[in-house]
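Take a look at the letters that make up each chain.
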Amino acid sequence: MKAATTAPAASAISEGRDLSSRASNHARIPILYVILSVLLVISIVPMYFYSAYVEAINSGPLKTNEMMLQNTVTRSLADDLAQHQRSLHMMLDNLSSAIKVATGGDIGESNIHSPELRALLENFVSSSDEIAYATLLNSDAKGIFAGSIAPDAFLNRELERAYSAARDGREYNGQALVVGEGKSARTVFVVSYPVKYGQRFLGMIATVVDLQFLIRRLQEVAGGGLTPYVVDSQGRLVAAATPGFATGQDMKKLDIVRAFVDGGNKAQLAETREFTVGAGSEHVEMLGTYSPVMSLNWAVIVQKPRDEAYRGVIEMQRTARLLALLAVLLSIGVSIFAARRITNPLQVLTQSSRALARGDFSQRVNLWSRTEIGELAHTFNTMSDELERFVEDLKRAAEENRELFMGSIQMLAGAVDEKDPYTRGHSDRVTRYSMLIAKEMKQDATFMETLQISAQLHDVGKIGIEDHILKKPGALTAEEFEVMKTHTTKGANILRPVTQLAEMLPGIELHHEALDGRGYPYGLQGDQIPLLARVIAVGDTFDALTTNRPYQTAHTPEQALQIIKNLAGKRLDPAAVEALLAVCARGEIKIQRFTIKRPIAPPPTAVPVAPEVAPTVTPAALAADTAALERTRV
């Protein structure tokens, strides 16, 4: 059994397996890596702390500056809007006073259409490019108008709301609307002012303010990545610098707008915050600021992508990292130059050692050095010489041990066959048939090696069967057959103490199991039977059918193959049967002599036959031959 353990080890060396992979798990760290690591740490750590320090002291002020810039922009726009609103109210108040003076406090039906009032209204509209339309209505909602636009249904509804507010004594600031279409489209909103004489309601002055001045201001500050726009108290868009926004659009989905709307009357101071803008899977981090316009209950908002807002911080970080990278590259260059002078000789030794580990014992180190490394190279070459001689001796010894081991197995199998004179050579034939079948099934080398030994010893248990049963010249009785069936377990028990033969035991113990569960010793079914045993079973059955026995005469190969085909899927593995048929069809199995040729029914499909064609019989005769095989003693 010693040969069984020595042979694989020698085979591993002779085949040149890469044994260095096992040693690499415990390999030392190369000196080159150690030197590189030290130099990199020395260069990177100070740079890291320096860049972190620079970022810490500068990122805060840079962010603060950006927030202050946004606050300044929004506050300036909000102040402009508030100033326009105050100027407009002053103009409306002056117009109201002029109307009361011109009419003596009576703008009823008799005075509302007077030339003086119409002139006052037209002068009011022409006094500013921001006034697109104005109307004067008396207490009966009748009046005059002037301007460059014609109110549509939406604008008329706004004027009706303005009149209702005026009757209640309130000023009115309407929501933004778009009038006109295409290039003539204009964004406007309604501002109304009640006309009173003392506490008596005389009428209303309503003006439609063109917000083009606001859009121009928004466009002026839209540079530098800023996106400015104005929203009302409900979060609806009033005006924006780009056409991508629509007047009246609900903007509350943005956190900065929602913060203004939720603040209500409390939103009197500017606020800056970070928020996210996006739809679906795309999100953009933003920085935004709003400043309220108290007189209009609006808010001016500017926002900017956070990456652009903090560009200074990012540029600073990028510069610091670039410097760190340059320092690292410089360190790597210096490190490689210095370390190579030390590690190149060691690398040569390492490569030679790996070649030696792969089984290349002809490798020698061509290294000249005055240092200890040169002495190490000389020692390595001496060791390689000794190892090469030792391995060659080991290979020869391993091959001799393997041949001795296989010869011992063949002698043991031959001793079993000699005990039963009727099955002489049976183990050799079954081994040959099984190997051909497994090769046809494309099994790997490990399986083939296991199969060869298992098939050779598959009947070793017959040593423990009494001669009067084993050598009985006729069919066995039921009791004798039960004893004969124990040769499988006896064989396994004989070989089980040998650890190196553990993988072969399934073929020895289970080669009489049947796929349908009618086999022995355990009645296994289907895939419960190992492939090793299934292959041996087909080879064993083929040899039993094609050799003369005291209880049967030999079948022709064609008859044997037909019987085996009938047993495929029932007793025998179909894949192994197909492999046997293919091997026979190519003529790789030849049966030398037959005592008698028994007729058999032709197969349902084409079966490879010898040039000599066997006669046919009835299916009943075929069934009888198949049933007789169930009681075979091999």
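Rules and cut-offs
Here the residue index of a chain counts from 1 through its sequence in written order. Totals for whole chains, interfaces and linings use every residue, but because this is a predicted model, local features are given only for residues with pLDDT of at least 70 and side-chain atom pairs only at 80 or more, for both listing and counting. Side-chain numbers here rest on the full set of heavy atoms in the structure, without hydrogens or water. A run of H or I in DSSP becomes a helix once it reaches four residues, and a run of E becomes a strand once it reaches two; helices and strands are each numbered from the N terminus. Each residue's exposure class comes from its accessible area (1.4 Å probe, protein chains only) as a fraction of the maximum for that residue type: buried when under 20%, exposed when over 50%, partly exposed otherwise. Contacts were defined at the residue level, with two residues in contact if any of their heavy atoms lie within 4.5 Å. The accessible surface values rely on the Shrake-Rupley method and a 1.4 Å probe; as for residues, cover is taken only from the protein chains in view. Expected span of a helix: the number of residues minus one, times 1.5 Å. Definition of a polar contact: a pair of N or O atoms within 3.5 Å, with one able to donate and the other able to accept a hydrogen when the atoms are protein atoms, and with sequence-neighbouring residues admitted only if both atoms are side-chain atoms. In this description, a nonpolar core means a group of buried Ala, Val, Leu, Ile, Met, Phe, Trp, Tyr and Cys residues linked to one another through side-chain atoms lying within 4.5 Å. Any Lys or Arg side-chain nitrogen located within 4 Å of an Asp or Glu carboxyl oxygen qualifies as a salt bridge. Any residue with relative accessible area above 30% and no salt bridge may belong to a patch, with like charges joined within 9 Å and the nonpolar Val, Leu, Ile, Met, Phe, Trp and Tyr side chains within 5 Å. Confidence scores labelled pLDDT are given residue by residue by the predictor and lie between 0 and 100. Axis definition: a line fit to C-alpha positions, over the contact stretch in the case of helices; interaxial angles, taken between N-to-C directions, run 0 to 180 degrees. Here the word oblique covers every angle except those under 35 degrees (roughly parallel), over 145 (roughly antiparallel) and from 65 to 115 (roughly perpendicular). In this count, Pro and Cys sit with the nonpolar residues alongside Ala, Val, Leu, Ile, Met, Phe, Trp and Tyr, while Asp, Glu, Lys and Arg are called charged and the others, Gly among them, polar. Two aromatic rings from Phe, Tyr or Trp, using only the six-membered ring of Trp, form a pair when their centres are within 6.5 Å; if the ring planes differ by under 30 degrees the pair is stacked, by over 60 it is edge-to-face, and anything between is tilted. Pairs of strands are assigned from DSSP output, requiring at least two bridges between the strands.

Chemist: In this structure, what is going on with the overall build of the chain? I would like to understand it.
Modeler: The helix and strand inventory of the chain stands at 20 helices and 11 strands. Expressed as a percentage of the 634 residues in the chain, the buried residues total 42%. The contacts of the chain with a sequence gap of at least 6 include a subset with a gap of at least 24, amounting to 62%. With an accessible surface of roughly 33,200 Å², the chain has 56% of that area assigned to carbon and sulfur atoms.

Chemist: Hey, could you run me through helix 19 (residues 574-585) in this one?
Modeler: One full turn of an α-helix is made of 3.6 residues, so residues set three or four places apart face in the same direction. Along its 12 residues, helix 19 runs 16 Å from first to last C-alpha, staying within 8% of the 16 Å computed at 1.5 Å per residue. Regarding helix 19, the residues found buried are Ala576, Val577, Ala579, Leu580, Leu581, Val583 and Cys584. In this fold, the buried residues of helix 19 make contact with helix 11 (426-440), helix 17 (531-545) and helix 18 (557-567). Put simply, Asp573 is the residue that caps the front of helix 19, since its side-chain oxygen is 3.1 Å from the backbone nitrogen of Ala575. Where helix 19 ends, the next residue or the one after it, Gly587, has phi of about 75 degrees, a positive value.

Chemist: Looking at this structure, I do not really get unusual backbone geometry. What am I missing?
Modeler: Most of the time, phi is negative for any residue but glycine, and the peptide bond is trans. Cis rather than trans, the peptide bond between Tyr520 and Pro521 has omega equal to 15 degrees. Along the polypeptide, Pro521 turns up in the loop between helix 16 (505-510) and helix 17. With a phi close to 60 degrees, Lys442 is a non-glycine residue in the positive phi region. Positionally, Lys442 belongs in the loop between helix 11 and helix 12 (445-456). Residue Lys442 is classed as exposed on the basis of its relative accessible area of 72%.

Chemist: When you look at the nonpolar core in this model, what are you seeing that I'm missing?
Modeler: Nonpolar side chains in soluble globular proteins tend to end up buried together. Core analysis: the largest hydrophobic core is formed by 44 residues, its most contacted members being Leu81 and Trp298. Looking at this core element by element, the count peaks at 9 residues for helix 3 (residues 31-103). Discounting residues that sit within four places of it in the chain, Trp298 has contacts with Leu81, Gly174, Phe189, Leu211, Val230, Val231, Asp232, Val238, Phe260, Ser291, Pro292 and Val293. Residues Phe447, Phe542, Leu581 and Val583 belong to the second largest nonpolar core, which totals 32 residues.

Chemist: Even after reading the chapter, I still don't get the pattern of salt bridges, so can you show me in this structure?
Modeler: When the charged atoms of two side chains lie near each other, side chains of opposite charge can form a pair. Under the definition given, this model contains 20 salt bridges. The partner of Arg586 in a salt bridge is Glu440, and the shortest N-O contact between them spans 2.5 Å. A residue pair is termed long-range when its members are at least 10 positions apart, and Arg586 in the loop between helix 19 and helix 20 (619-629) and Glu440 in helix 11 qualify at 146 residues. Given a relative accessible area of 25%, Glu440 falls into the partly exposed group. Asp573 is the partner of Arg534 in a salt bridge, and the nearest nitrogen-oxygen pair spans 2.9 Å. With Arg534 in helix 17 and Asp573 in the loop between helix 18 and helix 19, this residue pair connects regions lying 39 residues apart in the sequence. For Arg534, a relative accessible area of 16% corresponds to the buried category. One connected set of salt bridges, linked through shared partners, spans Asp80, Arg217 and Glu220.

Chemist: Quick question: what am I supposed to make of the side chain of Gln456 here?
Modeler: By the element assignment, Gln456 lies in helix 12. At 2.6 Å, the side chain of Gln456 and the side chain of Asp428 are in polar contact.

Chemist: What exactly am I supposed to notice about the environment of Leu202 here?
Modeler: Following the sequence through the fold, Leu202 ends up in strand 6 (residues 200-210). Given the relative accessible area of 5%, Leu202 is considered buried. Setting aside chain neighbours within four positions, we find Leu202 in contact with Lys100, Gly105, Ile107, Leu137, Asn138, Ser139, Val195, Lys196 and Tyr197.

Chemist: Sorry if this is basic, but what is going on with a nonpolar patch on the surface here?
Modeler: Nonpolar side chains collect at one region of the surface, where Leu322, Leu323, Leu325, Leu326 and Leu329 lie side by side and expose about 470 Å² of accessible area between them. Topologically, Leu323 is positioned in helix 9 (residues 311-357).

Chemist: Where do I start with the confidence of the model for the chain in this structure?
Modeler: Should pLDDT be low for a region, the predicted coordinates there are not to be read in detail. Per-residue confidence for the chain gives a mean pLDDT of 79, with 79% of residues at or over 70. For the chain, the element scoring lowest by mean pLDDT is helix 1 (residues 2-14), at 44; helix 19 scores highest, at 94. When the criterion is pLDDT under 50, residues 1-24 qualifies, and its contacts beyond four places in sequence or with other chains add up to 29 contacts. Overall, residues 594-618 carries pLDDT values under 50, and its contacts beyond four positions in sequence, including any with other chains, amount to 46 contacts.

Chemist: Please explain the packing of helix 11 against helix 19 as it appears in this structure.
Modeler: Where helix 11 contacts helix 19, the two axes come as close as 8 Å, and the packing angle between them is 100 degrees. Viewed along their axes, helix 11 and helix 19 adopt a mutual orientation that is roughly perpendicular. In this structure, helix 11 uses Leu436, Ile437 and Glu440 to contact helix 19, whose residues at the interface are Ala576, Ala579, Leu580, Ala582 and Val583. A breakdown of the residues in the contact of helix 11 with helix 19 according to their chemical character gives 7 nonpolar, no polar and 1 charged.

Chemist: Any chance you could explain the environment of Gly104 here in plain terms?
Modeler: Turning to its location among the elements, Gly104 is positioned in the loop between helix 3 and helix 4 (115-126). Overall, the relative accessible area of 58% leaves Gly104 in the exposed class. Note: C-alpha distance between Gly104 and Tyr197 (93 residues apart in sequence) is 9.6 Å.

Chemist: Explanation requested: the packing of aromatic side chains in the structure shown.
Modeler: Within a pair of aromatic rings, the relevant descriptors are the distance that separates the centres and the angle that separates the planes. With the rule as written, the count across this model stands at 7 aromatic pairs. With a centroid separation of 6.2 Å and an interplanar angle of 75 degrees, the aromatic rings of Tyr163 and Phe201 are classed as edge-to-face. With a gap of 38 residues between them, Tyr163 in helix 5 (residues 153-167) and Phe201 in strand 6 connect regions that are remote in the sequence. Accessibility classification places Tyr163 together with Phe201 in one group, the buried group.

Chemist: Sorry if this is basic, but what is going on with the side chain of Asn138 here?
Modeler: With respect to the helices, strands and loops of the structure, Asn138 is situated in strand 1 (residues 131-138). For Asn138, a relative accessible area of 2% puts it in the buried group. Reaching out from Asn138, the side chain makes a polar contact with the backbone nitrogen of Asp140 at a distance of 2.9 Å. Setting aside anything within four residues of it in sequence, one finds Asn138 in contact with Ile107, Gly108, Glu109, Ile112, Tyr163, Leu202 and Gly203.

Chemist: I tried to follow the pairing of strand 6 on my own but got confused; where do I start?
Modeler: Consecutive side chains of a regular strand alternate in pointing toward one face of the sheet and then the other. Counting buried positions along strand 6 yields 10 of 11 residues, so the element is predominantly enclosed. Looking at chain direction, strand 1 and strand 6 are connected through 7 bridges and run antiparallel. When the sheet's bridge partners are listed, Leu137 is paired in strand 6 with Met204. Examined bridge by bridge, strand 5 (residues 186-197) and strand 6 share 10 bridges and lie antiparallel to one another. When the bridges of strand 6 are listed, Val190 appears paired with Val208. Linking strand 5 to strand 6, which pair antiparallel, is a turn of 2 residues; within it Gly198 sits at a positive phi near 70 degrees.

Chemist: Teacher, can you tell me more about the pairing of strand 1 here?
Modeler: Of all 8 residues making up strand 1, 8 are buried, and the element is well covered by its neighbours. As paired elements, strand 1 and strand 2 (residues 143-147) share 5 bridges and run antiparallel to each other. By the bridge assignment for strand 2, Leu137 is matched with Gly143. Hairpin connection between strand 1 and strand 2: a loop of 4 residues separates the two successive antiparallel strands, and Ala141 in this loop has a positive phi of roughly 65 degrees.

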